[in-house]
Amino acid sequence: MMYMYKAIFLLCLVATEPLISMAMEQQILEREKRALPRWIGNILSSIPSYCKATAALAAYKMLKAYIDMRRSNWKNCDKYFHCRGNKEAAAYGFCGRLVARLISDAREFAQAGGSHGTDTAEDQAANRYGRSGGNCVRRYITSTRGSKRCSLPRRLW
């Protein structure tokens, strides 16, 4: 997950480009890119230049959902947080949906190590549902489907 934080840091850094001197920015970017795997660098370079400010906001929403998920430490609720992060990031339009998809795919690839397990498929379904604007609370918290029900307290919604 350290790579996730570094990728989001780079997105935020690129979005604040006019505020940092060019030499200083280049030095920071090169140092950070060396610490990242090549596939994350490819993801960062695939974001169009007109999306960089929106990308930083969308990445922040994804990071906030991830931090909330880690803090809540609640059983069977990770799908809700996947859905919520993607929904909040997708609210920023095309660029938000693009960044949400890139970050979600990168996160699932990093967690699964490239394998396609059941949990990865369920996480990706939650990601797609959130990006399409679905009601995450109704689907993943208040639904009574199966024994894997998320009983997250209302204050954490």
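Residues numbered from 1 in each chain as written. Predicted model: local features only at pLDDT ≥ 70, side-chain atom pairs only at ≥ 80, totals over all residues. Heavy atoms only, no water.

(A) Structural detail: the state of the cysteines. Taken as a whole and assessed by the stated rule, the structure comprises 2 disulfides. In this model, Cys51 is linked to Cys95 through a disulfide, with the two sulfur atoms separated by 2.0 Å. One quick way to see it: the torsion about the S-S bond of Cys51 and Cys95 is about -65°, and its sign makes the bridge left-handed. Placement of the pair is Cys51 in the loop between helix 3 (38-45) and helix 4 (52-72) and Cys95 in helix 6 (residues 93-112), with a sequence separation of 44 residues. Each of the two residues, Cys51 as well as Cys95, counts as buried. (Disulfide = S-S within 2.5 Å. Helix = DSSP H or I, 4+ residues; strand = E, 2+ residues; numbered from the N terminus. Buried < 20%, exposed > 50% of the residue type's maximum accessible area, 1.4 Å probe, protein only.)

(B) Geometry of the packing of helix 4 against helix 5 (residues 78-90). Two numbers describe how helix 4 lies on helix 5: the axes approach to 8 Å, and their chain directions differ by 160°. What the angle tells us is that helix 4 and helix 5 run roughly antiparallel. Judged by the sense of rotation from one axis to the other, the crossing of helix 4 with helix 5 is right-handed. Mapping the contact onto sequence places Ala58, Lys61, Met62, Lys64, Ala65, Asp68, Met69 and Ser72 in helix 4 and Asp78, Phe81, Arg84, Gly85, Asn86, Glu88 and Ala89 in helix 5. Looking at the contact of helix 4 with helix 5 residue by residue, the classes come out as 6 nonpolar, 3 polar and 6 charged. (Axes fitted to C-alpha atoms, helices over the stretch in contact; angles between N-to-C directions. Parallel < 35°, antiparallel > 145°, perpendicular 65-115°, else oblique. Left-handed = near helix turned anticlockwise from the far one by under 90°. Contact = heavy atoms within 4.5 Å. Nonpolar A, V, L, I, M, F, W, Y, C, P; charged D, E, K, R; others polar.)

(C) Broad picture of the side chain of Gln124. Its place among the elements puts Gln124 in helix 7 (residues 118-131). The buried category is assigned to Gln124, whose relative accessible area is 15%. Here Asp105 takes part through its side chain, which lies 3.0 Å from a polar atom of the side chain of Gln124. In this structure the side chain of Gln124 is engaged in a polar contact, spanning 2.9 Å, whose partner is the side chain of Asn127. For Gln124, the residues in contact, after removing those within four places along its chain, are Ser104, Asp105 and Glu108. (Polar contact = N/O pair within 3.5 Å; in protein donor to acceptor, adjacent residues only side chain to side chain.)

(D) Structural context of the environment of Asp119. Tracing the backbone shows Asp119 in helix 7. Separated by 40 residues in sequence, Asp119 and Lys79 have C-alpha atoms that sit 9.5 Å apart. Non-local contacts of Asp119, meaning those with residues more than four positions away in its chain, are made with Asp78 and Lys79.

(E) Inspection of the nonpolar core at higher detail. Judged by nonpolar contacts, the single largest core of 13 residues is most densely connected at Tyr80, Phe81, Cys83, Tyr140 and Leu152. Those elements giving two or more residues to this core turn out to be helix 4, helix 5, helix 7 and helix 8 (136-140). Top element by residues in this core is helix 5. It accounts for 3 residues. The next biggest cluster of nonpolar side chains, apart from the first, holds 12 residues, and it includes Cys51, Ala89, Cys95 and Ala100. (Core = buried A, V, L, I, M, F, W, Y, C linked by side-chain atoms within 4.5 Å.)

(F) Highlighting the packing of helix 5 against helix 7. Here helix 5 crosses helix 7 at 35°, and the two axes come no closer than 7 Å. Pair helix 5 / helix 7 crosses with right-handed handedness. Residues Asp78, Lys79, His82, Cys83, Asn86, Lys87 and Ala90 of helix 5 touch helix 7, and the partners they reach there are Asp119, Glu122, Asp123, Ala126, Asn127, Tyr129, Gly130 and Arg131. Here the contact of helix 5 with helix 7 is built from residues that sort into 4 nonpolar, 4 polar and 7 charged.

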